[in-house]
Amino acid sequence: MAVAVIMKLRLDKYLTEMGCGTRSQVKKEILKGSVSVNGEIAKKAERKVDTEKDEIIFKGEKIFYAGYEYFMLNKPAGVVSATEDKKERTVIDLIKESKRKDLFPAGRLDKDTEGLLLITNDGQLAHRLLSPKKHVDKEYYVRVAGRLTEADSAAFAAGLHLDDGLVCQPAELRVMTSGEESEAYVILREGKFHQIKRMLAYLGKPVLYLERVRMGNLLLDPVLERGAYRLLTKEEWQALAKLTEETGKPRNFNKKESDFLLKKEKTSCNPTK
Ligand code: URA
């Protein structure tokens, strides 16, 4: 789902935000006469345009404005949950068809964790989804080495206090199969660094595989292959917004704010590696 936010902004900013080029490139194109607004060649980069009403043509192509975008990504192992990285491929590198340059992942999955990740530029929705105060469930499928028991589920339900100092809120561990390796679903309402791996390592059952399958009422689409993504449907977006008690319009966080959110999440815990 892409949400058109109604506002007035400079023509060069509009074009830059919609991926037509850098600020100086689009300014040059405006000077060259390659841009028209409502059928008239635009002469000034600083002229204001209305994101809803005005028709903007850039090099013969109509440009539609998307204020906010919401993608469901089926994250594969091997990519990092960051906006940029000097060495590693990021989840943002996987999103090829975005109009926005300010997308970020709403929360982190470890490099080797797969599954549901929301990619957006709506910082407020992301914040509400991740805030422990909002109690939004995050559900994971997990495979561990060792036999999971009812005692492990009870320990999760009571709230684990780990050796490394992490105090976990009560969580759910639903054991599906139990043997030399075991499978389970884990439901958390918080997201500390490596939390599930740390909780299960503490119980002596190291994680072999981890996949997020749900965030609140947003389910990982089984049709999406690993590494594939799609826009959220309007219904999915509305349900998410309702769940996190959205009252007003989605609001943009600038890059500094989204970096801050990611950093805060990373440093608000006690990494084991
Ligand atoms: N818990 C983890 O240990 N890793 C993740 O990626 C998510 C939750």
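You'll find the structure just up there.
Residues numbered from 1 in each chain as written. Predicted model: local features only at pLDDT ≥ 70, side-chain atom pairs only at ≥ 80, totals over all residues. Heavy atoms only, no water.

Considerations on unusual backbone geometry
For step 1, the next point in the chain: Positive phi, close to 50 degrees, is recorded for Asn38, a residue that is not glycine.
For step 2, the next point in the chain: Take Asn38: it is sitting in the loop between strand 3 (35-37) and strand 4 (40-41).
For step 3, the next point in the chain: Positive phi outside glycine occurs at His194, with the angle close to 55 degrees.
For step 4, the next point in the chain: Relative to the helices and strands, His194 is located in the loop between strand 13 (181-188) and helix 5 (195-202). (Helix = DSSP H or I, 4+ residues; strand = E, 2+ residues; numbered from the N terminus.)

Let's talk about the side chain of Arg212
For step 1, the next point in the chain: With respect to the helices and strands, the residue Arg212 is situated in strand 14 (residues 207-215).
For step 2, the next point in the chain: Separated by 3.2 Å, the side chains of Arg212 and Tyr140 make a polar contact.
For step 3, the next point in the chain: Leave out the neighbours within four places in its chain, and Arg212 touches Ala106, Leu109, Glu114, Gly115, Leu116, Leu117, Lys138, Glu139, Tyr140 and Leu220. (Polar contact = N/O pair within 3.5 Å; in protein donor to acceptor, adjacent residues only side chain to side chain. Contact = heavy atoms within 4.5 Å.)

Some words on the nonpolar core
For step 1, the next point in the chain: The biggest cluster of nonpolar side chains holds 31 residues, and the ones touching the most others in it are Ile119, Val142, Phe156 and Ile196.
For step 2, the next point in the chain: If we ignore the near neighbours within four places in the chain, the residues touching Ile196 are Tyr140, Val142, Val186, Leu188, Val207 and Leu210.
For step 3, the next point in the chain: In this structure, Tyr70, Ala106, Leu129 and Val136 belong to the second largest nonpolar core, which totals 19 residues. (Core = buried A, V, L, I, M, F, W, Y, C linked by side-chain atoms within 4.5 Å. Buried < 20%, exposed > 50% of the residue type's maximum accessible area, 1.4 Å probe, protein only.)

A few points about the environment of Val186
For step 1, the next point in the chain: Along the chain, Val186 falls in strand 13.
For step 2, the next point in the chain: Distance from Val186 to Tyr140, taken between C-alpha atoms, is 5.2 Å for residues 46 residues apart in sequence.
For step 3, the next point in the chain: Look past the residues within four positions of Val186 in its chain and what remains in contact with it is Lys138, Glu139, Tyr140, Val142, Phe156, Glu172, Leu173 and Ile196.

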